[in-house]
Amino acid sequence: MNGDFDQSAEPALGWRPDGPVRAHAFAERWASTGRARKWSAMALTALLSGPFALLAAMYENTMAGVAAVLLLAAVAPAIEETVKIAGAAYVAEQRPWLVPTALVLPVVGLVSGLVFATVENWWYLTVLVPDPPRDLVAWRWVFGPLVHGTGSFTAGIGVAVMWRRARESGHRPSFSDAQPWLVAAVVWHGAYNVFAVLLEFAGR
């Protein structure tokens, strides 16, 4: 096999040859993909990631007792932060030419987190608690978007780092470049959940 792979034979696999990615392949794909397609892909990714992540949150709320505390402190933040950023990570890793610029990826994460928080609050304050007290409504609408938005924005920075390094090196994107930022988002989210549980135990 020669140094150049034949993208015309299998265009979908042009970005995924065995071994290092040829730097020109990304440049050609990136240049040939229109701005409208790039921005449409980013908008769709941001809007769909939040509701998709909510499915995981709805399952988490079926837990109870000690399992629920452990879930809220460790498991839930890891699941939610991973799922909220999964769409952006997939596009950046598998279809990097659809990303117009690295700066858009943290914004996609932020929008995903805010959409998640909005849908979660509607579900929680309408379905789970049909007649919530005013202080609960205020708490959730302040801290829900703050926690989810900040967490997803942080994880999005990691995805941006992954994408930028791949573009600069010409190698396939590696999610290991994004992992430290995802861990930071999980720790932030988990710390808030622990704080909220402690407040509940304190009767506040």
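Scope of this entry: the structure provided in the associated data block. (Residues numbered from 1 in each chain as written. Predicted model: local features only at pLDDT ≥ 70, side-chain atom pairs only at ≥ 80, totals over all residues. Heavy atoms only, no water.)

What about the overall build of the protein?
- When its secondary structure is counted, the protein shows six helices and zero strands.
- Each helix and strand of the protein, ordered N terminal to C terminal, gives the series α-α-α-α-α-α.
- When each of the 204 residues of the protein is scored for burial, the buried share is 43%.
- When contacts within the protein are restricted to residue pairs at least 6 apart in sequence, those whose partners lie at least 24 apart make up 73%. (Helix = DSSP H or I, 4+ residues; strand = E, 2+ residues; numbered from the N terminus. Buried < 20%, exposed > 50% of the residue type's maximum accessible area, 1.4 Å probe, protein only. Contact = heavy atoms within 4.5 Å.)

Regarding the packing of helix α5 (residues 134-169) against helix α6 (residues 179-201)
- The contact between α5 and α6 brings their axes to 7 Å, and the two run at 165 degrees. Classified by the interaxial angle, the pair formed by α5 and α6 is roughly antiparallel. Two packed elements cross with a definite hand, and for α5 against α6 that hand is left-handed. Taking contact as the criterion, the partners of W139, F143, L146, V147, H148, T150, G151, T154, A155, I157, G158 and V161 in α5 are, on α6, W181, L182, A184, A185, W188, H189, Y192, F195 and L199.
- Tallied by class, residues from the contact of α5 with α6 come to 15 nonpolar, six polar and no charged. (Axes fitted to C-alpha atoms, helices over the stretch in contact; angles between N-to-C directions. Parallel < 35°, antiparallel > 145°, perpendicular 65-115°, else oblique. Left-handed = near helix turned anticlockwise from the far one by under 90°. Nonpolar A, V, L, I, M, F, W, Y, C, P; charged D, E, K, R; others polar.)

As for the packing of helix α4 (residues 104-128) against α5
- Running from N to C, α4 and α5 cross one another at 150 degrees; their axes reach a closest spacing of 6 Å. Looking at the two axes, α4 sits roughly antiparallel to α5. As α4 runs across α5, the sense of the crossing is right-handed.
- Residues belonging to the contact of α4 with α5 are distributed by class as follows: 18 nonpolar, nine polar and two charged.

Let's talk about a nonpolar patch on the surface
- Taken together, the side chains of L110, L114 and F153 define a hydrophobic patch exposed on the protein surface, amounting to about 210 Å² of accessible area.
- Tracing the backbone shows L110 in helix α4.
- Looking at L110, the relative accessible area reads 31%, which means it is partly exposed. (Patch = residues over 30% accessible without salt bridge, like charges linked within 9 Å, V, L, I, M, F, W, Y side chains within 5 Å. Areas by Shrake-Rupley, 256 points an atom, 1.4 Å probe, with all protein chains shown as cover. Salt bridge = Lys/Arg side-chain N within 4 Å of Asp/Glu carboxyl O.)

Quick word on the side chain of T154
- For T154, the position within the fold is in helix α5.
- At 2.9 Å, the side chain of T154 and the backbone oxygen of T150 are in polar contact.
- Excluding residues within four positions of it along the chain, T154 makes contact with W181, A184 and A185. (Polar contact = N/O pair within 3.5 Å; in protein donor to acceptor, adjacent residues only side chain to side chain.)

Considerations on the pattern of salt bridges
- Counted under the stated rule, the structure contains four salt bridges.
- Here E81 and K84 are joined by a salt bridge, their closest N and O atoms 3.0 Å apart. With a gap of three residues between them, E81 and K84 both fall in helix α3 (residues 65-94), about one helical turn apart.
- For K84, a relative accessible area of 1% corresponds to the buried category.
- Among the salt bridges present, the one from R164 reaches E168, with a minimum N-O distance of 3.8 Å. Within this pair, R164 and its partner E168 are both found in helix α5, separated by four residues, close to a single helical turn.
- When its relative accessible area of 37% is taken as the criterion, R164 is described as partly exposed.

Some remarks on the nonpolar core
- Grouped together as the largest cluster of nonpolar side chains are 24 residues, with contacts concentrated most on M42, V99, L105 and V159.
- When contributions to this core are tallied by element, the ones reaching two or more residues are α2 (35-60), α3, α4, α5 and α6.
- If we skip the residues at most four places from it in the chain, V159 touches I85, A88, A89, A92, L105 and A178. (Core = buried A, V, L, I, M, F, W, Y, C linked by side-chain atoms within 4.5 Å.)

Geometry only, nothing functional implied.
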